[in-house]
Every structure is written in structure tokens, then in C-alpha cells.
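Listed below, chain by chain, are the residues.
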Amino acid sequence: MSGSTPPINWDPMIIGFVAGFLSRILYLRSGKSHYPGYPSGYISQVALAIIAALIGSSIIVSLLGKEFTAATFLTLAATQFRDVRTTERQTLEKEESLILVGRGAGYIEGIAITYEARNFLAMLVALASSLVAEWNDIAGIIAALVFIIVGEKFMSGPRIGQLIDVKPADLRFEKGTLLYVGPVMMMEVGLPDSRERYRSQGLGVILTPKNPRGEAALWNISQRQAIAHEAAVAVGVQKDVGYPEQGTLCRMDMPKGTGSAGLTIIPVERDIDKLIRAIEQTPVLESGKWSRMVNTKNRKEDAHG
Amino acid sequence: MADAPTPIMFAIVTTNKEAVIGGMAPVFVAPNEVERDRIAMWLCRITNAIAHDLHNGTVILTVNQSQP
């Protein structure tokens, strides 16, 4: 701005800003199923995206313009984004008591961390693109595209469908009251009325891990709660306050411990394909994303073959 | 619903009085199984409890502490 400095080259800043903003908006699309209250949620996320992209893109320009005060203030503004996680978590935790099949603490934390990280990623994409664009505009645009694609690949975690096989299974009652999905014992239903509802309207699926990561994911109770939540969101659940035993349940094949799980639901929309698709699209939780487990019970059979 | 429910015993409905001895939960004695199931269902719907059949004439009702 002052007369002694050379005129500011705006191109890197614009390229960086657009890249950062685009990267954030692209991730919003994939995260939409988790977000409550679409219009208002979008507005606040878009506003944050603009701020994040602006901060990321203007740091290099202000440093080159020898505006160190401005650069310092920008890093200060960046720390404000730590609050995003807290805000997100609080919103979802408040909502938890208002929905019939909750997300579970693990899922909430995962969503909150992801939202925070994506804001920082938008900032980094903006920063990196503007750095390259400072050298050459065309190279900056190409680099921005590469950064956006790499960021998208890096940030979008695996889905349950990649780790676990989801297959429909029949619901039945053994010994009069024990609800089974295929081989998996789910729970004990004491009321004849509820048993009748499960028989006539219930749907069941069996989840079988495909690989060691699926095995680890399924043993995580938060992961199963997340699966139950996504299933209930997709096909609805005929449940209300006062009908706790008719909710969605996702339980391991427990006394046997084979590593597979069952899920029961009394859906509003009786569509098994939609239910399976929803389960397959459930994100693998951050906490269990990289852990692996091999069930020795299943491995014994493999060793003979 | 929390990740891991923590049920507490809320009530006991039984047709077999000898199978149950006192405790923290009230015991409702029913003359037959139809009446027992009717009482259990009413209590469940009113108090948001879950019924479990113990297969000895007794139905227990539990409430998950973390539920609203």
C-alpha cells in the first residue's frame, strides 16, 4: 500500500483464495449427510471457508510485501479455527438427546475433527497454491488443482462398504423370545407385542468383515453406533419415546465371537437395498481408521485349507 | 442413546411369586401370563422401560440410565 513497496501482485492471492475456497466447498458436499440444519449449516461453513481461504492465500503476499504485522495477525486469526471443533461437537451433542438413534460419542468426535481439519486443509491448499502462483500463475493454477485432488483423496476416509460385507438376513425368534439375525443373537424381547412387530415389519442384515481393518472397525462400539445411526437416518425407524426395544441395534455375534455383527431395524421405508447402501456409505471412524485385527477363530479354518 | 447403555432394574412382573424375593424394584404379581404381559407392556410404555423374559414366569423391566 505504501509508496516505497512495489505494486502488489494480486494473482497469487486470487488463485490461492479460489483454490482454498473450492477445496472446502468440495468437502462440504461429501460431508453433507452428517450436518444438521442444511441451510444455516452451509452458511456458517461457507463463511468459515472464505475466511480460511483468505488467511491462507494472503500470508505469502503479505510476507513478500514486508507487511509482517499483517502476517502475524493472520496466524492469530488462524488459531480461531480451533473453536470449530468445539462448536461442532457441542451442536451434535445437544442434538444427541433429540434423535432416537444417536450418533454416539465416537462419531460426533470424528465429524468434529474432520470439520476442523478441513478448514485447516483449505488454509494449507490456499497457502501452497499462492506460494506456487507467486512463481508462475499457470503453474499455480495447476498446483492448486493437484492440491485440491490430493487433499480430497487424503481427507475422504474409507467407507464401511470397503471393509465390511453387508448382506440381508432373516429375523427370527429362538426359545420364544431371543431375537436372532442369521446366526447372530441380538437381544431378548420380552413383550409379545414387540416380537410381533419384529416378525412382521423388521429387517435384518449381517455385517461380515472383509479384511483386518474391517474386523477392527466392527469391534468398535462407536463404529457400530454410527452404522446404526446411518441406517436409521436412511430408512427411518418406527420408534418413539416409550418404545426403546424397537430401536436400531447393531451387535456382535457375541458368545461365539466370530467377528461378524447383526443389525436389526423396524424401518419406516421397507427397502433392504437402501438400508444396505446406507450402511456401506457409513464413514469408518477416525479412532479405528488404521487399526487392524485378525480374528484367530477364523484364521484357524484358513490354515487348514 | 449412548454407545453403551447402562440398564438399571426398574420393576419385576411375575406369575411365580416364589421365584422373586424383594429388592430395589417393585414386584407386580399377575395371575396368568396374558395378564403378566399386559402389565409389563403398560409399564414399558409408560416408563420407557425394556422388558426381558426370564423364562421362569418372570418378566423384568429395565431402564437405561442414559436415555432421556
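Just so it is clear, the model here is predicted, and its values are computed rather than measured.

**Q** Describe the overall build of chain B, and please don't skip the residues or the numbers.
**A** Along the backbone of chain B there are one helix and four strands. Along its sequence from the N terminus, chain B presents helices and strands in the succession β-β-α-β-β. Counting all 68 residues of chain B, 44% fall into the buried class. When contacts within chain B are restricted to residue pairs at least 6 apart in sequence, those whose partners lie at least 24 apart make up 42%. Accessible surface, chain B as shown: approximately 3,700 Å² in total, 64% of it carbon and sulfur.

**Q** For the interface of chain A and chain B, give the residues involved together with the corresponding values.
**A** Each partner contributes to the interface: chain A provides 26 residues, whereas chain B provides 19 residues. Both sides of the chain A and chain B interface together cover about 1,800 Å² of buried area, and 52% of this is carbon and sulfur. Looking at the side of chain A facing chain B, the largest losses of area belong to E188(A), L191(A) and P244(A), adding up to 29% of the total buried there. Our count for the contact surface shared by chain A and chain B stands at two salt bridges. As a salt-bridge pair, D193(A) and R45(B) come within 3.4 Å of each other at their nearest N and O atoms. The interface formed by chain A and chain B contains six residue pairs in polar contact (both at pLDDT 80 or more). Of all the secondary-structure elements, those providing two or more residues to the side of chain A that touches chain B are α5 (105-135), α8 (192-201) and α10 (221-235) of chain A.

**Q** Explain the environment of I149(A) to me, and be specific about the residues and the numbers.
**A** With respect to the helices and strands, I149(A) occurs in helix α6 (residues 137-155). For the pair I149(A) and G190(A), spaced 41 residues apart in sequence, the C-alpha to C-alpha distance is 53 Å.

Analysis parameters
- Residues numbered from 1 in each chain as written.
- Chains lettered and ligands numbered in written order.
- Predicted model: local features only at pLDDT ≥ 70, side-chain atom pairs only at ≥ 80, totals over all residues.
- Heavy atoms only, no water.
- Helix = DSSP H or I, 4+ residues; strand = E, 2+ residues; numbered from the N terminus.
- Buried < 20%, exposed > 50% of the residue type's maximum accessible area, 1.4 Å probe, protein only.
- Contact = heavy atoms within 4.5 Å.
- Areas by Shrake-Rupley, 256 points an atom, 1.4 Å probe, with all protein chains shown as cover.
- Buried area = accessible area lost by both parts, 1.4 Å probe.
- Salt bridge = Lys/Arg side-chain N within 4 Å of Asp/Glu carboxyl O.
- Polar contact = N/O pair within 3.5 Å; in protein donor to acceptor, adjacent residues only side chain to side chain.

The values are spatial; any link to function lies outside them.
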